[in-house]
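# Coordinate inspection notes
Listed here are the chains, written in short residue letters.
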Amino acid sequence: MMKALFFDLDDTLYDQLQPFQEAYDRTFSAITDIPILDLFKKSREYSDKVFTLTESGKMPLEEMHQYRMINAFQDLGYTITAEEADAFQSAYKEQQYKVSLIPEMKRILHYLSSKGIPAYVITNGPSSHQWLKLESLELFHFIPKTNIFISSEVGYAKPQKELFDYVNTQTNTTGAISYMVGDSFENDMIGAKNAGWNSIWVNTKNKLRTIETIHPHYETNSYQQLEDLIRLIF
């Protein structure tokens, strides 16, 4: 069977820091001494903490958006209001629909297409929100909509093994030939490990492994490294 590549969406196919930075500049321009990357990482940590609550509907998305930004700012020594968090989220959402593929990622997708190698997307998040980002990326030139799996539509989310098993069934693949490419150690790498998949960690923001005993099959610290690796494996 031919090897297959499964890509995460957010912070893998595009740089999520770019719309975050633009939204920050619009909303919090008066605060100039916070490292934006640190704030971004903190906000992701807090959204990951309550992801299962938002996925199940126990925590409304609006509440999660406030929670992650208020707590991220607090960790860095600032207090913001729920209204300020809402204003940031509004700007952030607008910018997320203006994203574009990372240039190396675009070349990777061209390469896979030219070789006839199957490519897929597995992403956590609300259906309509994720589809709008995928459309903004013009991803359907490379990956058909039938090859895209969104957690809120499937009923399982990364890192649940059930999601990976479901995707294998739907794509007529096995874990042995499946490669999960993603930035999230918890969702992408641990999920792939538990499902018996191969894993490629796109660690461009130098995150730490949260479980020392789990190692991705491959780790890249730049998109150029990722492009070179995929050409080598495939």
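Attention here is on the structure that accompanies the text.

Criteria and cut-off values
- Residues numbered from 1 in each chain as written.
- Predicted model: local features only at pLDDT ≥ 70, side-chain atom pairs only at ≥ 80, totals over all residues.
- Heavy atoms only, no water.
- Pairing = 2+ DSSP bridges.
- Helix = DSSP H or I, 4+ residues; strand = E, 2+ residues; numbered from the N terminus.
- Axes fitted to C-alpha atoms, helices over the stretch in contact; angles between N-to-C directions.
- Contact = heavy atoms within 4.5 Å.
- Parallel < 35°, antiparallel > 145°, perpendicular 65-115°, else oblique.
- Nonpolar A, V, L, I, M, F, W, Y, C, P; charged D, E, K, R; others polar.
- Patch = residues over 30% accessible without salt bridge, like charges linked within 9 Å, V, L, I, M, F, W, Y side chains within 5 Å.
- Areas by Shrake-Rupley, 256 points an atom, 1.4 Å probe, with all protein chains shown as cover.
- Salt bridge = Lys/Arg side-chain N within 4 Å of Asp/Glu carboxyl O.
- Lys, Arg positive; Asp, Glu negative; His and termini not counted.
- Charge placed at Lys NZ, Arg CZ, Asp CG, Glu CD.
- Buried < 20%, exposed > 50% of the residue type's maximum accessible area, 1.4 Å probe, protein only.
- Phe/Tyr/Trp six-rings, centres within 6.5 Å; stacked < 30°, edge-to-face > 60°.
- Lys NZ or Arg CZ within 6 Å of the ring centre and 35° of its normal.

An order of β3-β2-β1-β4-β5-β6 is seen for the six strands of this open sheet, with the pairing classed as parallel. Of all the strands in the sheet, the pair left with one neighbour each is β3 (148-150) and β6 (218-220). Averaged over all adjacent pairs, the angle separating strand axes in this sheet is 20°, with direction ignored. Pairing between strand β5 (residues 198-202) and β6: three bridges, direction parallel. Residue pairing in the sheet places I200 in a bridge with Y218 of β6. Most of the contacts of helix α11 (residues 223-233) go to β6, to which it runs at about 145°, and overall it touches β1 (4-7), β4 (178-182), β5 and β6.

Time to look at the packing of helix α4 (residues 61-75) against helix α5 (residues 82-96). Two elements in contact, α4 and α5, have axes separated by 9 Å at closest approach and are oriented at 110°. When the interaxial angle is binned, α4 and α5 end up roughly perpendicular. Facing H65, Q66, R68, M69 and I70 of α4, the residues of α5 in contact are A82, A85, D86, F88, Q89 and Y92. Per-class residue counts for the contact of α4 with α5 are six nonpolar, three polar and two charged.

This brings us to a negative patch on the surface. A cluster of like negative charges, contributed by E62, E83, E84 and D86, occupies part of the molecular surface. A total of three residues in the negative patch trace back to one element, the largest contributor, which is α5. Among the structural elements, E84 can be located in helix α5. Among the residues examined, E84 registers a relative accessible area of 34% and is labelled partly exposed.

This part covers the packing of aromatic side chains. As enumerated under the stated definition, the model contains 16 aromatic pairs in all. Here W131 and F140 contribute two aromatic rings whose centre-to-centre distance is 6.0 Å and whose plane-to-plane angle is 45°, an arrangement assigned as tilted. For W131, a relative accessible area of 18% translates into the label buried. Look at F140 and you get partly exposed, because its relative accessible area is 27%. Taking the centre distance of 4.9 Å and the plane angle of 85° together, the rings of F164 and W197 count as edge-to-face. Note that F164 is positioned in helix α9 (residues 161-171) and W197 in the loop between α10 (185-195) and β5, a separation of 33 residues in sequence. Across this residue pair, the class does not change: F164 and W197 are buried. In textbook terms, an aromatic cluster arises when at least three aromatic residues are bridged by ring pairs, as seen for F20, Y24, F28, F40, F73, F88 and Y92. Over the ring of F234 we find K3, and its NZ or CZ is 5.9 Å from the ring centre. The positively charged end of K145 is found above the aromatic ring belonging to F140, 5.1 Å away from the centroid.

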